[in-house]
Each structure stands twice: as C-alpha cells, then as structure tokens.
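Letter by letter, the chains look like this.
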Amino acid sequence: MALFETISEDIKAAMKARDKVRLDTLRNIKKVFLEAKTAPGANDTLEDADAMKILQKLAKQGHETAETFIAAGRQDLADVELAQAHVIEEYLPKPLTEAEIEEVVKAVIAETGAATMKDMGRVMGTASKKMAGKADGKTISAIVKKLLA
C-alpha cells in the first residue's frame, strides 16, 4: 500500500481511537501530500520516495520548532511539536548509526577512488543517494571529511 493510502487509513484509525495529536498530525501530513500531488508538474501522483522526503522535512521542522519553543521557555508548545514529530517519525525508515554510515562512506570512497578533499563532492553525492532517508546530510558530511582528511 502506498504511503498516501496508509496515512488515509491511519486517519480513520486515529478518529476511532480519539487520538487528537495523532489525528491532527496525520491530517497535516495528508494536506501536505495533497498539495504535493496537485503541484504543477506532479501529474496528480505522489511517489513514496517523494512522500518520504516530505515526511523527513516535516519531522525536522517539528524538532527545530520544538527547540525554538524550549529556548523561549514554552515547554508546553514544545511538547506538542515533539509529539507530532514522533508520530511523523513512525513512518520514516530507521536511521543508520554512525558506524553504519561510516561503513557505507568507506565503500563509496573505495568505489569512487576518492583520495583527497577535492573528491568530497563526488563522495557526498553518491553517499547521499545510497543513504537517502536513512542518514542526515550533516552527519554524512562530517564522516566524509574525517575519512578524506
């Protein structure tokens, strides 16, 4: 089942369970998915890969907003944002550990024949594609820099 249909089914389940946080979060996800489907050039389709990118963006925004609320002394609002981010993260693949990321980066370096920092762009491009949705770009970049230095 496509991610869009899964979200729609989970909205029904959240309604039945009277889970307000989950319901609000899933409705927001569906709204963003619908906007992506109806965007110019989308041909009224939304691939799961694109949906995953949207979910990653929403989860990241939720965490950043929560950090802002915490810095402003509004823990009550931060708790709501974090709860919504956790619901979104349930639909994302399990992130790789730093050790797993390092293994993939080492394989990419061997595959591309990279040796110096000048090759970082090539390594980053390939590594980012291989770990799309499973690793943060900042983490990948830090590991690539460490291995090429």
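Above: the structure in question.
These numbers were taken from a predicted model, which means no experiment stands behind them. (Residues numbered from 1 in each chain as written. Predicted model: local features only at pLDDT ≥ 70, side-chain atom pairs only at ≥ 80, totals over all residues. Heavy atoms only, no water.)

Asks: So, helix 1 (residues 3–17): which residues are in play, and what are the values?
Replies: Here helix 1 contains 15 residues, and its C-alpha end-to-end distance of 21 Å stays within 8% of the 21 Å for a straight helix at 1.5 Å per residue. The inward-facing, buried residues of helix 1 contact helix 2 (20–37) and helix 3 (48–71). Looking at the residues trailing helix 1, positive phi occurs at arginine 18, about 55 degrees. (Helix = DSSP H or I, 4+ residues; strand = E, 2+ residues; numbered from the N terminus. Expected span 1.5 Å × (residues − 1). Contact = heavy atoms within 4.5 Å.)

Asks: Quick one: what's the story with the pattern of salt bridges, residue by residue and with numbers?
Replies: Following the criterion strictly, the structure yields 8 salt bridges and no others. Between glutamate 9 and lysine 12 there is a salt bridge, with the nearest N and O atoms lying 3.5 Å from each other. With glutamate 9 and lysine 12 both in helix 1 and 3 residues apart, the pair spans about one turn of that helix. With a relative accessible area of 39%, glutamate 9 lands in the partly exposed category. Note on lysine 12: relative accessible area 47%, which makes it partly exposed. Its salt-bridge partner being glutamate 90, residue arginine 22 comes within 2.8 Å of it at the nearest N-O pair. One end of the pair, arginine 22, is in helix 2; the other, glutamate 90, is in the loop between helix 4 (75–89) and helix 5 (98–112), with 68 residues separating them in the sequence. (Salt bridge = Lys/Arg side-chain N within 4 Å of Asp/Glu carboxyl O. Buried < 20%, exposed > 50% of the residue type's maximum accessible area, 1.4 Å probe, protein only.)

Asks: Can you tell me about helix 3, naming the residues and giving the values?
Replies: For helix 3, spanning 24 residues, the distance from its first C-alpha to its last is 35 Å, which sits close to the expected 34 Å at 1.5 Å a residue. Of all the residues in helix 3, the buried ones are Ala51, Ile54, Leu55, Leu58, Ala59, Gly62 and Ala66. Where helix 3 is buried, its residues meet helix 1, helix 2 and helix 4. The first or second residue beyond helix 3 is glycine 73, which carries a positive phi of 80 degrees.

Asks: Please provide a residue-by-residue account of the nonpolar core, values included.
Replies: Counting 20 residues, the largest nonpolar core has Ile7, Leu26, Ile29, Phe33 and Leu55 as its most contacted members. Listed by contribution, the elements that provide at least two residues to this core are helix 1, helix 2, helix 3 and helix 4. Dropping the residues within four chain positions of it, phenylalanine 33 is found in contact with Leu3, Phe4, Ile7, Leu46, Ala51, Ile54 and Leu55. (Core = buried A, V, L, I, M, F, W, Y, C linked by side-chain atoms within 4.5 Å.)

Asks: So what's going on with the packing of helix 6 (residues 120–130) against helix 7 (residues 137–148)? Residues and values would help.
Replies: With their axes 10 Å apart at the nearest point, helix 6 and helix 7 run at an angle of 135 degrees to one another. Taken together, helix 6 and helix 7 sit at an angle that is classed as oblique. In this structure, the crossing between helix 6 and helix 7 has a hand that is right-handed. Contact residues: Met120, Val123, Met124, Ala127 and Ser128 in helix 6; Gly137, Ile140, Ser141, Val144, Lys145 and Leu148 in helix 7. When grouped by side-chain class, the residues that make up the contact of helix 6 with helix 7 number 7 nonpolar, 3 polar and 1 charged. (Axes fitted to C-alpha atoms, helices over the stretch in contact; angles between N-to-C directions. Parallel < 35°, antiparallel > 145°, perpendicular 65-115°, else oblique. Left-handed = near helix turned anticlockwise from the far one by under 90°. Nonpolar A, V, L, I, M, F, W, Y, C, P; charged D, E, K, R; others polar.)

Spatial relationships are all this shows, so hold off on functional conclusions.
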